[in-house]
Structure formats: C-alpha cells, structure tokens
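# Examining the three-dimensional arrangement
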Amino acid sequence: MAGKTREKFTKQEKSWILYDWANSVYATNIMAAIFPIYFTSVCGQDTTGMEWWGYGTSLATLIVAVMAPILGGMGDYRGMKKKFFTFFMLVGVFCTLIMAIFDNWQMLLVGYVLSYIGFAGSCLFYDSFLTDVTTRERMDMVSSWGYAMGYIGGSTIPFLLSIAILLVMGMDNPTAVKIVVVLTSVWWGVFSIPMMKNVHQKYYIDGRPERFISSAFSNVGRTLRSIFQNKGLFFYLIAYFCYIDGVGTVIHMSTSYGSTLGLDTTGMILALLVTQVVAMPCSILFGRLAKRAGAIRMIGVAIGVYFVICLVGFYMGYSIEVDPNATGFAQTLFWMMAFLVGTVQGGVQALSRSYFSRLVPPDKSNEYFGFFDIFGKFATVVGPFLVSAVTSATGRSSLGILSLLLLFALGGLLLFLGRKPMREAEAAAEQARGQSAAES
C-alpha cells in the first residue's frame, strides 16, 4: 500500500507536469507547423519568408541564450524564480495573442521573436522548478510524465483542433490562422494557471538584489571551468550543441521550407501530425535499443538518419528548382521526411539527456544539468542562420537545407573523436556515485 502511495503525484507535481501540456501548443502551432506557413505566405512565395523566419528564430534564441545563464543564477534567489517564470510566460502568451492582430510580415516577425523569447524564458525556469516540486528519487518519473503530456496531449489535441479549424474555414484563410493563434495563446495561458497557483520555490539563496548578477556570473564561470577541465564532458557538450542545433533547425524550418517550394499546406500539416504519432513509440524503441547497443551508438544512428533527412530535403527542393511542376513528387518527399523525423526526434533527445547524466558528478548534477538545459533549449541559433545565409547567398533554398549536413557531420565527428575521454568521464562519474552511495 505504501508503494502505491509513493506513485501518486502530489498537487505540485501535477501542476508542474501540466505546464508542459500548456506550452507545447506554442511549439507545435507557432514554431513548427501552422504559423511558419502563414508567415511565408504573407512574405510571398519566394525565399524571402524562409530567410526572415530563419533570421528571426536565430535572433530570438540568441537573445535568450545570452540572457539564460544570468537569469538562471538570479532565479536561485528567494522568491525570484516564480517572478521570472510568470513574467516570461505572460510575455509569451500576450505576444502570441497580439500576433492575431497584425497582417504585415514585419509586425508578425516582431511578435514571433518576442513570443519565442517568452516561451524559451518560461521553459528555463519551468525546468529548474523540478527540484522544488519533487524529490530526487522521483525526478525521472515526474520529468518523463511532463515530456509525455507535452508530446501526446499538449501538442496533439490543440493541433487537431487547429487542423479542424483550418479545414472548415480554408487552409489559406487568414482569419482561420488568426483563430488558431488565439487558440494557442488561450490554451497556453489557461493551462499555466495551476503552475502559477500551486508550484512554489522550495530551495533558494538568501542575498541582496544588487548581488544577484555578480553571483550569477561567478556561478556560470565556475561551471564553465569544470566543463573545460573534464575533457569527455567538453567533447560531448560541443557535439551535442552541434547536432541538437541541426535537430532544432529541422523542426523550426521544415514547413517554412515546404511553403517556399509551394507545397500543399494541408499535406504539410497532416505530415507533421504523422511525425507526432510516430515519435512516441520510436522514442521508447530507441531507449530499449540503447540498452543493447549503447546510447552513443544510437545517437550516432539518429545523426545518420538526419543525414538522410537533409538529403531528402535537398532533393525535394532540387526537384522543384529543376521542374516547377514537380510539386506532387516533392509533397511525397515531404511526407517521407516527416516520417523519418518522427523515428529519431524523440529518441535522440531522450538518449542525449540520459547519457549526459552518466557523465556528470552526482553531487553537482543540478548545476551541470542547468548548463545542459541551456545548450538543449537555446542551441537553435547557428542552424537557422546558416540555412538563411546560404539560401540568401545562392538563391536556392535547397542548398540552405543541405548546409545542415555540416552541423550533423561536426556533431558526429566530435562524438567519434571523444569516445575515449567520454568513457573515462563516465567511469569517473560511476566511481563517484559508488563513493557517494558508500558514504550515505
């Protein structure tokens, strides 16, 4: 009976999990699927929309990446974590809502950049609240349920509602897109209420406000020095930054790219729904295969699949450039690409996190995972800029997509070159775990 009691989620745990349900609608509707298509159509059907979408994504992620270490350090002080979380969440919800007002692409881009900053900033503090809402023994379970609720519920249910609105009112109807934007904002805001109401900061640092920034800088510096001294951890983080940047760019740029090529809007959105459906079982499969083959080998497999995805994406654009009437063939390739993304997207993210946990000292896992979270959440800076810059320089969006091979190749190469120091780091961390267990 006691075992069953321990499996029940507390009110704080449920409320924390529900925020993943709340904000995932933004990631699906605004970042990945529906809004990029609309934005590109407002800009025009040439490469302009895709270029500006990439630049906007890079700018937003770069701003938050620069701010994140300082904000994270300031959030550790008494009462600050909830304030920062609420501020960024409200910025994201409000700026998403006002995107439904404007019709010119410049204001839509400004709204997107600000709303993305709000989304990413709120996620930074949301992740850090995990230590406050549950115990160390329950973190894996609570975190996994948050991921599952976001993937299955938060993305799929409002995404299906949005698709229904677009099908009824017309995929090219601006009013329908505006309703979807409003739905996104309302869904995000309403389901954030339990998080704001029930989740509280349990662990904090006492200190005066004027010392927040200086202390945050010193904490970041200490963590960086530790990472540089650990060669295996350093290799892994740089490799992770490269390939996860490519993964994020594929998520952000796929529909914008397809819209630039003139692909059918309905077909692209339904294809991304397939990605959502395929991702869940494949994530579980990746985890099981990693027990036999090892996490690094399976991450390498995922990188290899992303190589294929980039090549399919290039050929999709190349076929349109050679024959503008080949949209039917290109649409088939887009479905193929969406399916392939679904097979590896969840798996590579899950295994990257679990392998990192085996590399870090157990007594400093929270500090290291905060840095890992910054890399994971805000890595999508180089990829969109690279795609946009190559597209702008060559006038060919297909070459822009092909340029992502550089990120995946560099990530894979660093994983290969860092095999020995990563094994040494893993062994050292395992020895430290044994010592901690013996002492306790």
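For the structure itself, look to the data block above.
These remarks concern the structure in this document. Note that the structure is predicted; figures quoted are calculated from it, not measured.

Criteria and thresholds
- Residues numbered from 1 in each chain as written.
- Predicted model: local features only at pLDDT ≥ 70, side-chain atom pairs only at ≥ 80, totals over all residues.
- Heavy atoms only, no water.
- Helix = DSSP H or I, 4+ residues; strand = E, 2+ residues; numbered from the N terminus.
- Buried < 20%, exposed > 50% of the residue type's maximum accessible area, 1.4 Å probe, protein only.
- Areas by Shrake-Rupley, 256 points an atom, 1.4 Å probe, with all protein chains shown as cover.
- Axes fitted to C-alpha atoms, helices over the stretch in contact; angles between N-to-C directions.
- Left-handed = near helix turned anticlockwise from the far one by under 90°.
- Contact = heavy atoms within 4.5 Å.
- Nonpolar A, V, L, I, M, F, W, Y, C, P; charged D, E, K, R; others polar.
- Salt bridge = Lys/Arg side-chain N within 4 Å of Asp/Glu carboxyl O.
- Core = buried A, V, L, I, M, F, W, Y, C linked by side-chain atoms within 4.5 Å.
- Patch = residues over 30% accessible without salt bridge, like charges linked within 9 Å, V, L, I, M, F, W, Y side chains within 5 Å.
- Expected span 1.5 Å × (residues − 1).
- Bend = angle between axes of the 7 residues up to and from the residue.
- Polar contact = N/O pair within 3.5 Å; in protein donor to acceptor, adjacent residues only side chain to side chain.
- Phe/Tyr/Trp six-rings, centres within 6.5 Å; stacked < 30°, edge-to-face > 60°.
- Lys NZ or Arg CZ within 6 Å of the ring centre and 35° of its normal.

### Topic: the overall build of the protein
- Helix and strand counts for the protein stand at 19 helices and 0 strands.
- Counting over 440 residues, the protein shows a buried share of 54%.
- Total accessible area on the protein is roughly 19,100 Å²; 67% of this is exposed by carbon and sulfur atoms.

### Some details on the packing of helix 2 (residues 11-43) against helix 11 (residues 231-260)
- Their axes nearest at 8 Å, the elements helix 2 and helix 11 cross at an angle of 35°. Once helix 2 is placed against helix 11, the crossing between them reads as right-handed. Residues Met31, Ala32, Ala33, Pro36, Ile37 and Thr40 of helix 2 lie in contact with helix 11, whose contacting residues are Ile251, His252, Thr255, Ser256, Ser259 and Thr260.
- Its residues assigned to classes, the contact of helix 2 with helix 11 shows 6 nonpolar, 6 polar and no charged.

### Brief notes about the side chain of Lys81
- For Lys81, the position within the fold is in helix 4 (residues 80-98).
- Given a relative accessible area of 4%, Lys81 falls into the buried group.
- Ignoring any residue separated from it by four or fewer positions in sequence, one finds Lys81 in contact with Gly75, Phe125, Ser128, Phe129, Thr131, Asp132 and Gln201.

### What about the pattern of salt bridges?
- Here the structure, examined in full by the defined rule, presents 3 salt bridges.
- Residue Lys81 is joined to Asp132 by a salt bridge in which the shortest nitrogen-to-oxygen separation is 2.7 Å. Pair noted here: Lys81 is in helix 4 and Asp132 is in helix 6 (residues 130-133), with a separation of 51 residues, a long-range link.
- For Asp132, a relative accessible area of 3% corresponds to the buried category.
- One salt bridge connects Asp103 with Lys178, and the closest N-O pair in it is separated by 2.8 Å. With Asp103 in the loop between helix 4 and helix 5 (105-128) and Lys178 in helix 8 (residues 174-190), the pair connects residues that are 75 residues apart, well separated along the chain.

### A short note on the nonpolar core
- Within the largest apolar cluster, 123 residues are counted, with the highest numbers of intra-cluster contacts made by Trp16, Phe35, Tyr112, Tyr236 and Tyr243.
- Broken down by element, the residue count for this core peaks at 16 residues, all from helix 2.

### As for the environment of Leu270
- Following the sequence through the fold, Leu270 ends up in helix 12 (residues 265-293).
- Residue classification places Leu270 among the partly exposed positions, given a relative accessible area of 32%.
- Taking the C-alpha atoms as reference points, Leu270 and Trp335, separated by 65 residues in sequence, lie 8.7 Å from one another.
- Once you skip the residues sitting within four places of it in the chain, Leu270 turns out to touch Ile163 and Trp335.

### Focus on a nonpolar patch on the surface
- A surface patch of nonpolar side chains, amounting to about 370 Å² of accessible area, comprises Leu97, Val182, Val186, Val190 and Ile193.
- It is helix 8 that provides the largest number of residues to the nonpolar patch, a total of 3 residues.
- Relative to the assigned elements, Leu97 resides in helix 4.
- Under the relative-accessibility criterion, Leu97 is labelled partly exposed at 35%.

### Quick word on helix 12
- Over its 29 residues, helix 12 extends 39 Å from the first C-alpha to the last, a length consistent with the 42 Å expected when each residue adds 1.5 Å.
- If you look at helix 12, its biggest bend is around 35°, right at Ala279, and the proline Pro281 turns up within four residues after that.
- In this structure Asp264 caps helix 12, since a side-chain oxygen of it lies 3.4 Å from the backbone nitrogen of Thr266.
- Looking one or two residues beyond helix 12, the residue adopting positive phi is Gly294, at roughly 100°.

### Here's the deal with the packing of helix 11 against helix 13 (residues 295-322)
- With their axes 11 Å apart at the nearest point, helix 11 and helix 13 run at an angle of 35° to one another. Here helix 11 and helix 13 pass one another in a crossing that is left-handed. Between helix 11 and helix 13, the contacting residues are Tyr236, Tyr243, Val247, Val250 and Tyr257 on the first element and Ile296, Ile299, Ile303, Tyr306, Gly313, Phe314, Met316 and Gly317 on the second.
- Its residues placed into classes, the contact of helix 11 with helix 13 shows 11 nonpolar, 2 polar and no charged.

### Notes on the packing of aromatic side chains
- Summed over the entire model, instances satisfying the criterion amount to 32 aromatic pairs.
- Plain terms: the ring middles of Trp53 and Tyr112 are 4.0 Å apart, the flat faces sit at 20° to each other, and that makes the pair stacked. Taken as a pair, Trp53 in helix 3 (residues 48-75) and Tyr112 in helix 5 lie far apart in primary sequence, 59 residues in all.
- Exposure remark for Tyr112: the relative accessible area of 0% places this residue in the buried category.
- Taking the centre distance of 5.0 Å and the plane angle of 10° together, the rings of Tyr306 and Phe408 count as stacked. On the criterion of sequence distance, the pair formed by Tyr306 in helix 13 and Phe408 in helix 18 (residues 405-417) is long-range, its members being 102 residues apart.
- A relative accessible area of 1% places Phe408 in the buried class.
- Lying across the ring of Phe129, Lys81 places its NZ or CZ 5.1 Å from the centre.

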